[in-house]
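Structure at a glance
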Amino acid sequence: MEQLRGTMMQTFHWYTSNDGTFWNEWAGKMDALADKGITALWLPPATKGHVGTWDVGYGVYDLFDCGEFHQKGTTRTKYGTKDEYRNCIDKAHDAGLQVYADAVLNHKMGADTTQKVNNVVVVDPHNRNNTIGNHHDRELWTCFSFPGRGNTYSSMKWEWWHFDATKEYGNIYKLRDKQFETHVDRENVNYDFLMGCDLDFDHEQVCGEVHYWGKWYLDTFTPDGFRIDAVKHIRSFFFKHWLDDMRNHARKNLFAVGEYWSSDLNRLQRYIDETEGRMHLFDVPLHYNFHRASRAGSEYDMGSILNNTLVRENPLLAVTIVENHDTQPLQSLETVVEPWFKPLAYAIILLRDEGYPCIFAADYDGAHYEDKGYEIWMDSHKWMIDLFLDARRHYTFGNRRDYFDHRHTIGWTFQGDSDHKSMAVVMTNAGDDTKWMETGKPHTTYRDITGHIDETVQTNEWGWAPFKTLGGKVLVWAEE
């Protein structure tokens, strides 16, 4: 019986086409993805954004409009209609895949009308606890009445008092009698405010509506979990209660992963402690290690590639990534992992038994787009990722031995078990090399399944063998 190794795929990138065919296209891919070894999909935000079909989904306008009402100049979203979204999820479930919905709860954008707000004050962008100038009255875009939806699904209209701050005219305005939340990230001293109209999670009606929306969403679309956007900007304690409420409502242990974008492992660990392990976090420090390693080439110490990462310190709650929609070229957190290194990076997240790996669609299928005067081509690594997915299902079992003991050439082996054969993985960021490693299988023959070397290697009577790799490559030696 095949043991399951969970593998997630992020299905979109920032420049995914806005022609409205996304949900239907992915609905047709589910069986093939399941056959490859994908077990879960992270779908993009389905809710209506403030710039209509151009919105990736993070400029959220109306949480209850998933491509159903004519608002912001369109009925569908960038990805399609509500019915197409629901069908996409149904097709995933039919193929045995889990689906994680992208929940953007931190802010709202694209208010319908302005309101005169008394006693607002400008906030110092570098120290959010300090203010600049005098309190004054100002007309601000803070009223969300959802004229296209009316009271369908929810009758709540958002007014200025549901927010603690907003950004207009290049300034952050803290609203009357409001205070920024505690237990948020400490960047800029207090990083409660990110963008748009920032939800005030101290307001009882705001918390109630977000809880109500989550239950409506679960009932309407039946996702298996959530990817939660911008969690470091929301009081951490909120999600303890919200996730408990969602799991109780769904009557199952919904998966959750938070986007806490920080390369500081201590901040991630603190957040995990504050939420009492209720959600996974993306392993941002690992991504930055991949980025630096890909840029530095042979100057990087490969033996340290897992140092100060979540997957090493807290593997049960680590979602490991190579890149995502924010780190790809021309985006806000651009930290590119160079193409030559991506096979090595994907080997590290897919061919090990710690962490929950997430494959980025633009790395799988490739991507081509233009923005800001640049033309970008992202290479497809589909062939190699498919090979790793197959190896993940068949060879990543039994005792693992790590060999992160060299500046350039590192590797690990799996001994296998009664149902799975053994494997050795070796990679280098310098020239051709050989690494002696133990598989635990004496007198056993191995062949490189990546096709880089057309020869075999055999372990000695103690289960050791010299496993070769080529310069800047990863080789996967599977037991014949």
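Conventions adopted
- Residues numbered from 1 in each chain as written.
- Predicted model: local features only at pLDDT ≥ 70, side-chain atom pairs only at ≥ 80, totals over all residues.
- Heavy atoms only, no water.
- Helix = DSSP H or I, 4+ residues; strand = E, 2+ residues; numbered from the N terminus.
- Contact = heavy atoms within 4.5 Å.
- Salt bridge = Lys/Arg side-chain N within 4 Å of Asp/Glu carboxyl O.
- Buried < 20%, exposed > 50% of the residue type's maximum accessible area, 1.4 Å probe, protein only.
- Phe/Tyr/Trp six-rings, centres within 6.5 Å; stacked < 30°, edge-to-face > 60°.
- Lys NZ or Arg CZ within 6 Å of the ring centre and 35° of its normal.
- Pairing = 2+ DSSP bridges.
- Axes fitted to C-alpha atoms, helices over the stretch in contact; angles between N-to-C directions.

1. Here's the deal with the environment of F201
- Among the secondary structure elements, F201 is positioned in the loop between β11 (197-199) and α4 (204-221).
- Distance from F201 to N106, taken between C-alpha atoms, is 9.1 Å for residues 95 residues apart in sequence.
- Not counting chain neighbours up to four residues away, the residues in contact with F201 comprise L105, E181, V206, C207, V210, I234, R235 and F238.

2. Some details on the pattern of salt bridges
- Scanning the model with the defined rule gives 34 salt bridges in all.
- R176 serves as the salt-bridge partner of D177, at 3.9 Å between the closest nitrogen and oxygen.
- Taking the shortest distance from any N to any O, the salt bridge between R447 and E480 comes out at 2.7 Å. On the criterion of sequence distance, the pair formed by R447 in strand β23 (residues 445-448) and E480 in the segment after β26 (474-479) is long-range, its members being 33 residues apart.
- The class for E480 is partly exposed, based on a relative accessible area of 48%.

3. Description of the packing of aromatic side chains
- Applying the stated criterion across every chain yields a total of 41 aromatic pairs.
- Ring geometry for Y61 versus F144: centroids 6.1 Å apart, planes at 40°, classification tilted. Taken as a pair, Y61 in strand β4 (residues 60-62) and F144 in the loop between β8 (131-143) and β9 (163-168) lie far apart in primary sequence, 83 residues in all. Like F144, Y61 is buried.
- Lying across the ring of W26, K29 places its NZ or CZ 4.0 Å from the centre.
- Positioned above the aromatic ring of W412 is the side chain of R352, whose terminal nitrogen or guanidinium carbon lies 4.9 Å from the ring centre.

4. Thoughts on the side chain of K82
- Inspection of the secondary structure assignment puts K82 in helix α3 (residues 82-94).
- K82 sits in the buried class, given a relative accessible area of 8%.
- If sequence neighbours within four positions are ignored, K82 has contacts with C66, G67, E68, Y153, T220 and F221.

5. Re the sheet that holds β23
- Strand order in the open sheet formed by six strands is β19-β20-β21-β26-β23-β24, and the pairing between neighbours is antiparallel. Edge positions in the open sheet fall to β19 (400-403) and β24 (456-458), since each of these has one partner strand only. Each strand of the sheet is rotated relative to its neighbour by a mean of 20°, with strand direction disregarded.
- When strand β21 (residues 423-428) meets β26, the two strands line up antiparallel, connected through five bridges.

6. Side note on the sheet that holds strand β6 (residues 107-108)
- Strands sit in the order β6-β11-β9-β10-β7-β8 across an open sheet of six strands; the sheet is antiparallel. Across the chains shown, the open sheet's two edge strands, defined by having one partner strand only, are β6 and β8.
- Judged from the eight bridges that link them, strand β7 (residues 113-123) and β8 form a sheet pairing that is antiparallel. Along β8, the bridge assignment pairs V122 with I132.

7. Notes on unusual backbone geometry
- A positive phi angle, near 55°, is found at Y169, a position not held by glycine.
- Turning to its location among the elements, Y169 is positioned in the loop between β9 and β10 (171-174).
- Classification of Y169 as exposed rests on a relative accessible area of 58%.
- We note that V189 has phi near 70°; this positive angle belongs to a residue other than glycine.
- Checked against the element boundaries, V189 lands in the loop between β10 and β11.
- Its relative accessible area of 43% is what places V189 among the partly exposed residues.

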